[in-house]
Amino acid sequence: MKPIPILFLASLLAVSVSCTTERKPSTVGTTSEVERRVDQLLSRMTLAEKIGQMNQVSAGGEVANYADALRKGQVGSILNEVDPVKVNEFQRISVEESRLGIPLLVARDVIHGFHTIFPIPLGLASTFDPELVEAGARVASVEATGQGVRWTFSPMLDIARDPRWGRMAEGSGEDTYLDTRMAEAMVRGYQGDLSDATSIAACIKHFAGYGAAEGGRDYNSTFLTERQLRNVYLPPFEAAVKAGAMTLMTSFNDNDGVPSTGNAFLVKDVLRGEWGFDGLVVTDWNSMGEMISHGFGEDRKDVARKAMEAGVDMDMMTYGYLSHLEELVRSGAVRESDIDQAVRNILRVKILLGLFENPYVDVEAGQAVQYAPDHLAAAQKTAEESAILLKNDGVLPLDPAAVRNILVTGPLADAPHDQLGTWAFDGEAGHTVTPLRALQERFPGKVTYVPGLAYSRERRDRFDDVVAAARRSDVILVFLGEEAILSGEAHSLADLNLKGSQSELLAALKATGKPVVATVMAGRPLTIERDLPNCAAMLYAFHPGTMGGPALANLLLGDAVPSGKTPVTFLRTVGQAPLYYSHNMTGRPYNGETLLDDIPLEAGQTSLGNTSYYLDYGAYPLFPFGYGLSYTTFAYSDIALDRETYATDGTVTVSFTLSNTGTRAGTEVVQVYVRDLVGSITRPVKELKHFERVTLAPGENRALKVSIPVQELAFVGLDGVKKVEPGEFQLWVAGDSASGTGVAFNVK
Ligand code: GLC
């Protein structure tokens, strides 16, 4: 009898073992049929073919350049190809010319829209509208799949509390709760019903703590304790995993000395072990290889081994797995069973996306959905809800009937590329509607355009041309800020003031005595304190995307009412960074002590304040988290809790009346904050635990109730266990993180 090849026996055993191994509940929604298919395919794969699935390649250039690797099954995924004809050719070779015909996972950074670009994610967070953000992710998914993309490297969940960090633009800001709600919404929007060919796999990133880069300098080390990770930075990831996120990306940073791509505690213990994540883990671009630079591995073979030990499934652009895994298995440094597990995670995503049944994109149908009118409308509505009214002395909204001559000026008034913001890979400037164009279409013949500055960093001594035009106008609309390139990856800034001569332009406009309305487009909260006195109103729009122009025009003219709120703290000066609302109290909390200008000349050696602040700028921000004005005003009254004391498994219900005390309809983002006064560790002065958008007619009063399970107040304390610690608490219901009066309650 012919001996049965060991490999065949092993594959039978593997299949039988995997069939009998008790699966944890799936986080990605797998089924026993999917697992049967995964195991059946795995059992037919050679080691080389398994390793090929773990290799992701950036596919710029001609398909022919990759054909050989595709036929050999050396590529599991490609990124950066969005020509649907070429995508189909990549798939055809993989499916029809390789031994096992496994389709590719086609990936792209679809971060805030594909062709129709929405506000940058920091702007999405400013809406405090998860449902709207979910709808936007769905639009992005429909357009992206229309060009063959079935995997996006989004949502980015990195909590960011230092605006020097350029990638603050790409996340949902400083708050864990807001970030969590946005993460869940984008995962739902992208993935929807996975059997639908318009679904794309979400990728939650960058795992973990990347936004805490020391000094706000991208790629820099982070030093987050496990408690800080578990109480602030990890909850959005855990919630996104529970929401069914299919993939996750490890981050570039080393945290407390361990690069995430080799961090078994993060990936194996927390992600896989505690959260039961059974999706796909991919490295960031060459983040495996960068562990050599980190000094965490000797060479590419060493870092490939470390990434495997950490539980990373797919290698983006190091080629570490492709080059060294086979050798590492042969030497016994890596177990083939671990490779099998990684390949299962990859095949599972491909099967759940229906790629085996439907690997190709319908090119014609895919083109028809790009820039669909409802997509553009969704982008515009999101941009309208995203803009934040920071100041208004009454000049806004403008009265369209009274408009005779508007001066439009500033480097961002007609900047179709920069208005799209960072990570707008497939946005096309030709489709952007800028504020200038929107206003010219709205008021033909009544808009004068004099740029004043061609770009944000331009320096000019005089603005005679702009000032002359301003003198002839009724109102000046000036659009300032920063180009898209000045935020985003690797683009950290040490100075957050308006660049170039923008502040001087604003001062020159103010000097004309005409009403000046400033709109700032940026990828982060710039330090604009010195500019506020030189404008009657300021609208802040984190790069608002394709339809930013019509959205801003509608807001300026009152056809839409501002409702955006700051998702990050606005600093008075960059020297205050990092500054965020949910800080700890400290032993010497600041309460408005002496500032530089108040220091007596003969101060001598007396101490001035003995609290935690800056002599020159204090410790209060320019604008707090959750802040934003409307064209109406709101008041909160009758705030009451349903009990004084709650059990740890109880529910806190707060009732209150919200009133529109102004003359226009408007939408308030009601925010509920809680403080745990005493704990086994020091706790933040307050934390956001609920928000909702409420639209009221002028004069309308509405009785509202918000219920928060006491378990939402759990945190990881001194003993490392996440639980609610009984004691005294305070609760605020307000329109921003610095307002309102706390009401007390107890947990027994
Ligand atoms: C980049 C980014 C990551 C992105 C990836 C692929 O370096 O860090 O967010 O998804 O590479 O473009």
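Residues numbered from 1 in each chain as written. Predicted model: local features only at pLDDT ≥ 70, side-chain atom pairs only at ≥ 80, totals over all residues. Heavy atoms only, no water.

### Section: the sheet that holds strand 5 (residues 203–207)
Alright, step 1. A sheet is described by the order of its strands in space; here three strands give the open sequence 5-6-9, paired in parallel fashion. Among the strands making up the open sheet, the edge pair consists of strand 5 and strand 9 (280–282). Going across the sheet, the axis of each strand differs from the next one's by a mean of 25°, ignoring polarity.
Alright, step 2. As judged from the three bridges shared by strand 5 and strand 6 (residues 247–250), these two strands associate in the parallel manner. Note on strand 6: the bridge partner recorded for I204 is L248. (Pairing = 2+ DSSP bridges. Helix = DSSP H or I, 4+ residues; strand = E, 2+ residues; numbered from the N terminus. Axes fitted to C-alpha atoms, helices over the stretch in contact; angles between N-to-C directions.)

### Let's talk about the packing of aromatic side chains
Alright, step 1. Per the stated rule, a full pass over the model turns up 23 aromatic pairs.
Alright, step 2. Summarising the aromatic geometry, the rings of Y581 and F625 are spaced 4.7 Å apart at their centres and angled 20° between planes, so their arrangement reads as stacked. One end of the pair, Y581, is in the loop between helix 21 (548–556) and strand 17 (634–641); the other, F625, is in the loop between helix 21 and strand 17, with 44 residues separating them in the sequence. We note that Y581, like F625, is buried. (Phe/Tyr/Trp six-rings, centres within 6.5 Å; stacked < 30°, edge-to-face > 60°. Buried < 20%, exposed > 50% of the residue type's maximum accessible area, 1.4 Å probe, protein only.)

### Observations concerning the domain arrangement of the chain
Quite often, the size of an interface is put as the accessible area lost when its parts meet.
Alright, step 1. When the domains of the chain are assigned, the result is domain 1 (8–60 + 75–365), domain 2 (387–557) and domain 3 (634–747).
Alright, step 2. Contacts between the two partners involve 11 residues from domain 1 and, on the opposite side, 11 residues from domain 3.
Alright, step 3. A buried area of about 1100 Å², summed over both sides, lies between domain 1 and domain 3, and 61% of it is on carbon and sulfur atoms.
Alright, step 4. On the domain 1 side of the interface with domain 3, the three residues burying the most area are F128, Y177 and R227, jointly 55% of the side's total.
Alright, step 5. Connecting domain 1 to domain 3 are one salt bridge. (Domains from an automatic or database assignment. Contact = heavy atoms within 4.5 Å. Buried area = accessible area lost by both parts, 1.4 Å probe. Salt bridge = Lys/Arg side-chain N within 4 Å of Asp/Glu carboxyl O.)

### Structural notes on the side chain of T569
Alright, step 1. Structurally, the position occupied by T569 is in the loop between helix 21 and strand 17.
Alright, step 2. In contact with T569, not counting residues within four places along its chain, are E174, P525, L579, Y580, Y581, P621, F623 and F625.

### With respect to the nonpolar core
Alright, step 1. In this structure, W151, I339 and F479 are the most contacted members of the largest nonpolar core, which totals 137 residues.
Alright, step 2. For this core, the leading source of residues is helix 15 (residues 336–352), giving eight residues.
Alright, step 3. Non-local contacts of I339, meaning those with residues more than four positions away in its chain, are made with L47, K50, I51, M54, M308, L325, V329 and V334.
Alright, step 4. Counting 44 residues, the second largest nonpolar core, distinct from the first, contains F463, L506, V516 and Y540. (Core = buried A, V, L, I, M, F, W, Y, C linked by side-chain atoms within 4.5 Å.)

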